Amino acid sequence: MLGFGSKKSKEPQSQELNTEFLLSAIVDGVVLVGQDNTIHLFSPAASSISGWAVKEAVGLDYRSVLIITDEHGQAYPPDLHPFAQALKTHSTVKDSRGLLSTKSGKLVPISLIVSPVVEDVDKMTTGVLGVLRDITSERVEENRRSEFVSTASHEMRTPIAAIEGYLSLALNPKVAMVDNRGRNLLEKAHTATKHLSALFVDLLTSAKAEDGRLASYPKVIELGEALEQIADASRFPAQKKGLELKFVLSGGNDVRGGKVVRPLFYVYVDPNRIREVLQNLVDNALKYTNEGSVTIALTGDASVVQVQIRDTGMGIPEEDIPHLFQKFYRVDNSMTRSIGGTGLGLFIGKKIVELYNGRIWVESQVGKGSTFFINLPRLTTEQALQIQKNEASTLSPLGNS
Ligand code: ADP
């Protein structure tokens, strides 16, 4: 089953020495974990980051050595541990938000990339290789930068809010008398100020997303319910534009007690953050579609939940697609020029989706429409209930006693 350490092929002695020498020269920690969850290799750097001696760590279950917590010191649910996910999905998992709880209990910010290891002989995944880096100094620098951006944005938002308020007052006929020309000019100033204010909010969010400091309070949510609320809230703006808004749920209905119940799509995300992302996709679909429909679809398989936001709008040229999720990127044509936007929504959306080990992408055809996809790791109902139970017991005073 497991190739590591087994003497399948006899390695020359010098090769083994070189590997050890090379490992000790790598400043990032390297940890090799087998399908049996035990640590097979633990580099000196992994030892100095974690506080576990190499000899102690090798042979232990990785879950007792590499305890990773979120920024509130709450241990990651077992299934969402990056090593568990890489072992389960046989794909690369990245995480730079976690804190490693060292042997002495100190929390160290780390960036972690865990990739599957494929055995040459049979092309089977035999385990995963994690590369971990202590990012304490980067965090200090990020904190400084983020503090500067937050202070600057905050300072600038205050006078902008005042200007917006005064312009509203000036436009109120009960407060001020303005002729039609003046009103026209004030309305333009008011619209521009609102845009500027939205830009500052997005700027602040994107600066935080870039620094990995976006506040995130993940919990178990049922995505079907969240999407239904978004669909309900978007029905009126869709109607106003003469567009049909559809909500489609698929992915295998369950039959329980003779009754067909809709599938439940549990994910572990911050409900407010994910709502922000989904709402932006639906708003965009409505914004960039003049006729036809916008469809919100939810589907999935055992391990993935997939959201699709489809529209029959203007579509996106092929050459723009690779840049779409970059900061401030907007497709430049006469229609987009006349539609307001900051070009930050998709950038922020991608950062948020990646925070939860998800993926976002788009398929589009000019003149026909676009479909934005989001894939998120799916929790089984049992996992969802277990996490909720654990959370409830840590929150309740009885659970703490
Ligand atoms: P914003 O909409 O505020 O400009 P986003 O980051 O949300 O910023 O979107 C970036 C750009 O992607 C938009 O300016 C637009 O050119 C394009 N875009 C996004 N969604 C759609 C869509 N559904 N149809 C066509 N173009 C889109």
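Residues numbered from 1 in each chain as written. Predicted model: local features only at pLDDT ≥ 70, side-chain atom pairs only at ≥ 80, totals over all residues. Heavy atoms only, no water.

A. Molecular detail of the site of the ligand. Lining the immediate surroundings of the ligand are 22 residues, of which Asn284, Asp311, Arg330, Thr342 and Leu346 lie closest. Between an oxygen atom of the ligand and a side-chain N or O atom of asparagine 280, the distance comes to 3.4 Å. Between a nitrogen atom of the ligand and a side-chain N or O atom of aspartate 311, the distance comes to 2.9 Å. If the ligand stood free it would expose 540 Å²; the protein chains cover 98% of that surface. Among the elements that make up the shell around the ligand, the one with the highest residue count is helix α9 (residues 271-287) (four residues). Of the residues contributing to the shell around the ligand, the split by class is ten nonpolar, nine polar and three charged. (Near = heavy atom within 4 Å. Polar contact = N/O pair within 3.5 Å; in protein donor to acceptor, adjacent residues only side chain to side chain. Areas by Shrake-Rupley, 256 points an atom, 1.4 Å probe, with all protein chains shown as cover. Helix = DSSP H or I, 4+ residues; strand = E, 2+ residues; numbered from the N terminus. Nonpolar A, V, L, I, M, F, W, Y, C, P; charged D, E, K, R; others polar.)

B. Local environment of the sheet that holds strand β14 (residues 304-311). Strand order in the open sheet formed by five strands is β9-β13-β14-β16-β15, and the pairing between neighbours is mixed. Among the strands making up the open sheet, the edge pair consists of β9 (244-249) and β15 (359-365). Pairwise comparison of adjacent strand axes, ignoring direction, gives a mean angle of 15° for this sheet. Here β9 pairs with strand β13 (residues 293-300) via six bridges, running parallel. Pairing of phenylalanine 247 across the sheet is with isoleucine 296, part of β13. Along the sheet, helix α8 (residues 223-240) makes contact with β9, β13, β14 and β16 (369-377), crossing β9 at roughly 170°. (Pairing = 2+ DSSP bridges. Axes fitted to C-alpha atoms, helices over the stretch in contact; angles between N-to-C directions. Contact = heavy atoms within 4.5 Å.)

C. Looking closely at helix α6 (residues 136-171). Spanning 36 residues, α6 covers 51 Å between terminal C-alpha atoms, matching the ideal 52 Å at 1.5 Å per step. Residues Arg139, Glu142, Ser146, Ser153, Ile160, Leu167 and Leu171 constitute the buried set of α6. Those residues of α6 that are buried lie in contact with β6 (107-118) and α7 (180-210). (Expected span 1.5 Å × (residues − 1). Buried < 20%, exposed > 50% of the residue type's maximum accessible area, 1.4 Å probe, protein only.)

D. Representation of the pairing of β13 in the model. When you tally the buried positions in β13, you get six out of eight residues, the bulk of the element. Bridge count between β13 and β14: seven bridges; the pairing is antiparallel. Paired with valine 294 across the bridge in β14 is aspartate 311. Adjacent in sequence and paired antiparallel, β13 and β14 are bridged by three residues.

E. How the structure looks around the pairing of strand β1 (residues 29-34). Among the six residues of β1, six are classified as buried, and the element is accordingly described as predominantly covered. Residues of β1 alternate between two faces, with Gly29, Val31 and Val33 on one and Val30, Leu32 and Gly34 on the opposite face, all of them buried. The hairpin formed by β1 and strand β2 (residues 39-42) contains four residues between the paired strands, and asparagine 37 there has a positive phi angle of roughly 70°.

F. Representation of the side chain of glutamine 383 within the structure. Positionally, glutamine 383 belongs in helix α12 (residues 381-395). A polar contact of 2.8 Å, which involves the side chain of glutamine 383, links it to the backbone nitrogen of threonine 380.

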